[in-house]
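Next come the chains, spelled out residue by residue.
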Amino acid sequence: MSKLTPDFEEKAINTVRFLSADAVQKANSGHPGLPMGAAVLAYVIWTRFLKHHPANPAWPDRDRFILSGGHGSMLLYSLLHLTGYDLPLEELRNFRQWGSRTPGHPEYGLTPGVETTTGPLGQGFANGVGMAIAEAHLAAEFNRPGFEIINHYVYAIVTDGDLMEGVASEAASLAGHLRLGKLIYLYDDNRISIDGSTDLAFTEDRARRFEAYGWQVIRNVDGLSIREVEAAIRKARKDPRPSLIICRTHIGYGLPTRQDTAKAHGEPPGEDELRGAKQKLGWPLEPDFYIPEDVLQFFRLALKNGQRAERKWQRLFKSYQQAYPTLATELKRRLAGELPDGWDQNLPEFSADPKGLATRAASGKVINALAERLPELIGGSADLTPSNNTWINGSPSFQADNRLGRNIHFGVREHGMGAVVNGMTLHGGVIPYCGTFLVFSDYMRPAVRISALSHIPSIWVYTHDSIGLGEDGPTHQPVEHLAALRAIPNLVVIRPADANEVREAWIAAIRNRHQPTAFALTRQAVPVFDRTTFAPADGLHRGAYVLADLGGAKPQIILMASGSEVALIVEAGYNLAAEGYNVRLVSFPSWELFEQQDQSYRDEVLPPSIKRRLAVEAGVAQGWHRYVGDQGRILSIERFGASAPYKRIYEEFGLTSTNILKEARNLLGVSNP
């Protein structure tokens, strides 16, 4: 292998540049500007600092690298291939093609070495904050003098677009408050966005903004200078605050006419422009995807170095096991994502109570019972802790001076909160959750969508789930939000009917390690059903279940509902049965879980022969038609709510047992008195 001379390092950096540019050109699609402009930043991180093992991408104590500007994905794919991850050159040649492991933006779980899905700007930035929180919490819990078992950094390359997004501002503010010193972000300050110069819309003093957040800011770093970038990172590693290193770069570096222009951002360079860049930087014109052998050998040292680092860690962990066997066993379990035996046993059983309990309150009781059995459970709320019932009793809050806390004050930062929780989940070793009002799920929807797309098992606790929150009025009353969440593929939405269904909902969420789960919980009290009369609450795990068949053996009508409206169909059902009709009552907490069941079970709950069906839910009807069929009806809300005591609002909107009874009679062809 060649000596590490300036010329050799420039050759290695140009290898990254032109692997990326060749892939974009071959695909005739993509973003060459970031990889060509930020190659030095990535090179310094990956060859001077990043602790990783390409042969074991899941090594728990690895550093995390995030390319928050996911549009520059070829920069990451080039580095993954060069350093020896399971990403053959053929995958780079198939960039952005059907079935490849090199999609247009990095996707967690698809490409080895990709730590998180990026592309929607700001998400990666905020994910990194969550990873740093998880690292700090685990280090405080498990490290002992002489045994820094958990000790790694989060590095990221962030862009103008990332810093413009509100989610990054929210996460940056939180990170500064928490003094997350293992967070080191290199800002690719190329001063170009898609529309043109950042002077068009982004003229604030970014450095002073981040200093106000509580970050160390390192200014005026030449993004083409290995020495300056390296010195800045070394300085960042010594500071207890998160660090933003502002690196002056040149988008599309080397492109003869497109460097430092918007055209370098998201268009293939074209054959002539790419040829000109290769000539300008002294790169062979042929073949494309050229990798000098000595450069490949140099980058592949990551395999040997990574193996050495992991073995050193394994030796340390072996000594740790001998010194602290109980801690070591627990940490090993948590890092493996395994649940302890009996974690779901003896959780709260709620006695029948017609006055009942708000499902948000039941959730709080279940969280605290689970917290005793699952020390990895950690979470918080967007400044709504008493309302969301998300506090773990007996534990302090996670703060800069107390990393052991299991309660996180996210502040009024719903979007940042969601992306931070995703990052914590991706890190591993913790099971995070977060809460806010259901109406504000819109504020964090992009993070929820990413969790579903990436199969991140984050847990979203949404309370105040309907017009039932009452006097706060339509600004806070979700109407379309259940339908909007149910529209997200791979997201499990659960709206429990009573306290015991809440317990089962939490069990379902903790068990589900390949999907995110969203709860929709009531503000108002709802009856706790007598499970000696009604079916057991564990029917929730199948999405919908027969709560009871009233009257004769063959139902003439099916009444179905979710959440707080289940109590209404129960009351109406008994009245209908008293009139001599056979009624099936179906609790329907989760469409997604129901759709996972085989057809025979679904037909058992909703027999195709029974056409008279009425669904009741305090939200828009969208989607319920698949379950009521063309002869059924839906009692729903198709307008925004109102400000009044919740019982009055339910009456005005027709969500009463009396009106349900009336609609049921109409379906049965019976005249109402």
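Residues numbered from 1 in each chain as written. Predicted model: local features only at pLDDT ≥ 70, side-chain atom pairs only at ≥ 80, totals over all residues. Heavy atoms only, no water.

Labelled according to an unreviewed UniProt entry, the protein chain appears under the name Transketolase, originating from Bellilinea caldifistulae. The record held by UniProt for the protein chain lists under Function (unreviewed entry) the comment "Catalyzes the transfer of a two-carbon ketol group from a ketose donor to an aldose acceptor, via a covalent intermediate with the cofactor thiamine pyrophosphate." Taken directly from UniProt, the Sequence similarities (unreviewed entry) text for the protein chain runs: "Belongs to the transketolase family." (UniProt positions renumbered as here; feature names shortened; annotations may be inferred.)

Enquirer: So what's going on with the environment of Thr15? Residues and values would help.
Expert: Here Thr15 lies in helix 1 (residues 6-27). Linking Thr15 and Val221, residues 206 residues apart in sequence, is a C-alpha distance of 23 Å. What Thr15 contacts, discounting residues up to four positions off in sequence, is Leu82, Trp283, Tyr290, Ile291, Pro292 and Val295. There is a polar contact of 2.8 Å between the side chain of Thr15 and the backbone oxygen of Lys11. (Helix = DSSP H or I, 4+ residues; strand = E, 2+ residues; numbered from the N terminus. Contact = heavy atoms within 4.5 Å. Polar contact = N/O pair within 3.5 Å; in protein donor to acceptor, adjacent residues only side chain to side chain.)

Enquirer: Outline the sheet that holds strand 14 (residues 517-520), listing residues and values.
Expert: One open sheet accounts for six strands, arranged 10-9-11-12-14-13; its pairing is parallel. Each edge of the open sheet is held by one strand with a lone partner, namely strand 10 (407-409) and strand 13 (492-494). Between one strand axis and the next, the sheet turns through 20° on average, direction left out of account. (Pairing = 2+ DSSP bridges. Axes fitted to C-alpha atoms, helices over the stretch in contact; angles between N-to-C directions.)

Enquirer: So, the domain arrangement of the protein chain: which residues are in play, and what are the values?
Expert: If you check the domain split of the protein chain, you get domain 1 (6-306), domain 2 (353-528) and domain 3 (538-668). Placing the centre of domain 1 and that of domain 3 at their C-alpha centroids yields a distance of 52 Å. (Domains from an automatic or database assignment.)

Enquirer: Which residues make up empty space enclosed by the protein, and what values go with them?
Expert: Inspection of the entire model under this criterion finds three cavities of 30 Å³ or more. In terms of lining residues, the largest cavity is bounded by Trp46, Leu50, His52, Pro57, Arg62, Asp63, Phe65, Tyr85, Gly113 and Glu115. Its residues placed into classes, the lining of the largest cavity shows five nonpolar, two polar and three charged. (1 Å grid on protein atoms, 1.4 Å probe; cavity = no way out; pocket = protein on both sides within 12 Å on 5 of 7 lines; lining within 4 Å. Points joined across faces, edges and corners; volume = space filled by probe spheres on them. Nonpolar A, V, L, I, M, F, W, Y, C, P; charged D, E, K, R; others polar.)

Enquirer: Run through the nonpolar core, naming residues and quoting values.
Expert: Counting residues in each nonpolar core, the largest one holds 73 residues, and the members touching the most others are Phe125, Ile133 and Tyr185. Examining the composition of this core, we find that 11 residues originate from one element, helix 6 (residues 123-142), more than from any other. Shared between two domains, this core takes at least three residues from each, and those domains are domain 1 (6-306) and domain 2 (353-528). Apart from residues no more than four positions distant in its own chain, Phe125 is found in contact with Ser68, Val158, Leu163, Ala168, Ala171, Ala172, Tyr185, Phe210 and Trp215. Counting 55 residues, the second largest nonpolar core, distinct from the first, contains Tyr545, Ile558, Phe588 and Val620. (Core = buried A, V, L, I, M, F, W, Y, C linked by side-chain atoms within 4.5 Å. Buried < 20%, exposed > 50% of the residue type's maximum accessible area, 1.4 Å probe, protein only.)

Enquirer: Quick rundown of the packing of helix 8 (residues 166-178) against helix 18 (residues 414-427)? Include the residues and the values.
Expert: Put simply, helix 8 and helix 18 touch, their axes get as near as 8 Å, and they point 75° apart. By the angle class used here, helix 8 and helix 18 are roughly perpendicular. Contacts between helix 8 and helix 18 pair Val167, Glu170, Ala171 and Leu174 from the former with Glu414, His415, Gly416, Ala419 and Val420 from the latter. (Parallel < 35°, antiparallel > 145°, perpendicular 65-115°, else oblique.)

Enquirer: How would you explain the pairing of strand 19 (residues 613-616) if you had to name every residue and give the values?
Expert: A two-sided burial pattern is seen for strand 19, the buried positions comprising Arg613 and Ala615 on one face and Leu614 and Val616 on the other. Pairing analysis gives four bridges linking strand 17 (residues 557-561) to strand 19, with the strands arranged parallel. By the bridge assignment, Leu559 is partnered in strand 19 with Leu614.

Enquirer: How would you sum up the packing of aromatic side chains? Please name residues and give values.
Expert: Within a pair of aromatic rings, the relevant descriptors are the distance that separates the centres and the angle that separates the planes. Going through the model one piece at a time under the given rule, you end up with 37 aromatic pairs. Ring geometry for Phe18 and Trp283: centres 5.7 Å apart, planes at 20°, overall stacked. Taken together, the residues Phe18 in helix 1 and Trp283 in the loop between helix 12 (271-280) and helix 13 (293-299) connect sequence positions 265 residues apart. The pair formed by Phe18 and Trp283 is uniform in burial state, with each residue classed as buried. (Phe/Tyr/Trp six-rings, centres within 6.5 Å; stacked < 30°, edge-to-face > 60°.)

Enquirer: Please provide a residue-by-residue account of the UniProt feature "binding site: thiamine diphosphate" (unreviewed entry) in the protein chain, values included.
Expert: Per the UniProt entry, the sites bearing "binding site: thiamine diphosphate" (unreviewed entry) are His71, Gly119, Pro120, Leu121, Gly161, Asn190, His265 and Phe440 in this numbering. A maximum C-alpha distance of 34.4 Å is found for the annotated residues, which run over 370 residues; spatially they are spread out rather than grouped. Assignment of secondary structure puts Leu121 in the loop between helix 5 (89-93) and helix 6. Take Leu121: its relative accessible area is 24%, and that puts it in the partly exposed class. The contact partners of Leu121, leaving out residues within four places of it in the chain, are Ser68, Gly69, His71, Thr159, Gly161, Asp162, Glu165 and Val167. Relative to the elements of secondary structure, Asn190 occurs in the loop between strand 3 (183-189) and strand 4 (192-193). Beyond its immediate sequence surroundings of up to four residues, Asn190 is in contact with Asp160, Arg248, Thr249, His250 and Ile251.

Enquirer: Pulling in residues and values, what's your account of the sheet that holds strand 3?
Expert: Strand order in this open sheet of five strands is 1-2-3-7-6, and the pairing throughout is parallel. At either margin of the open sheet sits one strand with a lone partner, and together these are strand 1 (64-67) and strand 6 (216-222). Adjacent strand axes in the sheet meet at a mean angle of 20° when their direction is disregarded. Inspection of the sheet shows strand 3 paired to strand 7 (residues 243-248) by six bridges, in the parallel sense. By the bridge assignment, Asp188 is partnered in strand 7 with Cys247.

Enquirer: Tell me about helix 14 (residues 301-323), residues and numbers included.
Expert: Taking 1.5 Å per residue, 23 residues should reach 33 Å; helix 14 reaches 33 Å between its end C-alpha atoms and fits that length. Residues of helix 14 that are buried: Ala302, Gly306, Glu310, Trp313, Phe317 and Tyr320. Residues of helix 14 that are buried make contact with helix 4 (73-83), helix 6, helix 13 and helix 15 (325-335). (Expected span 1.5 Å × (residues − 1).)

Enquirer: Explain helix 19 (residues 445-453) residue by residue, including any values.
Expert: When helix 19 is considered as a whole, its buried residues turn out to be Ala447, Val448, Ile450, Ser451 and Ala452. Buried residues along helix 19 sit in contact with helix 6, helix 18, strand 12 (459-463) and helix 20 (481-486). Of the residues flanking the end of helix 19, it is His455, one or two places downstream, whose phi is positive at about 60°.

Enquirer: Talk me through the UniProt feature "domain: Transketolase-like pyrimidine-binding" (unreviewed entry) in the protein chain; I want residue IDs and the actual numbers.
Expert: UniProt annotation of "domain: Transketolase-like pyrimidine-binding" (unreviewed entry) refers to residues 357-528 when read in the numbering used here. Helix makes up 35% of residues 357-528 and strand 19%, and the two end C-alpha atoms of the span are 7 Å apart.

Enquirer: How would you explain the side chain of Ser169 if you had to name every residue and give the values?
Expert: On the secondary structure map, Ser169 appears in helix 8. Take Ser169: its relative accessible area is 18%, and that puts it in the buried class. Look past the residues within four positions of Ser169 in its chain and what remains in contact with it is Leu163, Arg209 and Tyr213.

Enquirer: Account for the pattern of salt bridges, with residues named and values stated.
Expert: Side-chain pairs of opposite charge can arise whenever the charged atoms involved come near each other. Taken as a whole and assessed by the stated rule, the structure comprises 37 salt bridges. Between Arg503 and Glu349 there is a salt bridge, with its nearest N and O atoms 3.5 Å apart. One end of the pair, Arg503, is in helix 21 (residues 499-511); the other, Glu349, is in the loop between helix 15 and strand 8 (353-358), and 154 residues separate them in sequence. Glu349 sits in the exposed class, given a relative accessible area of 64%. (Salt bridge = Lys/Arg side-chain N within 4 Å of Asp/Glu carboxyl O.)

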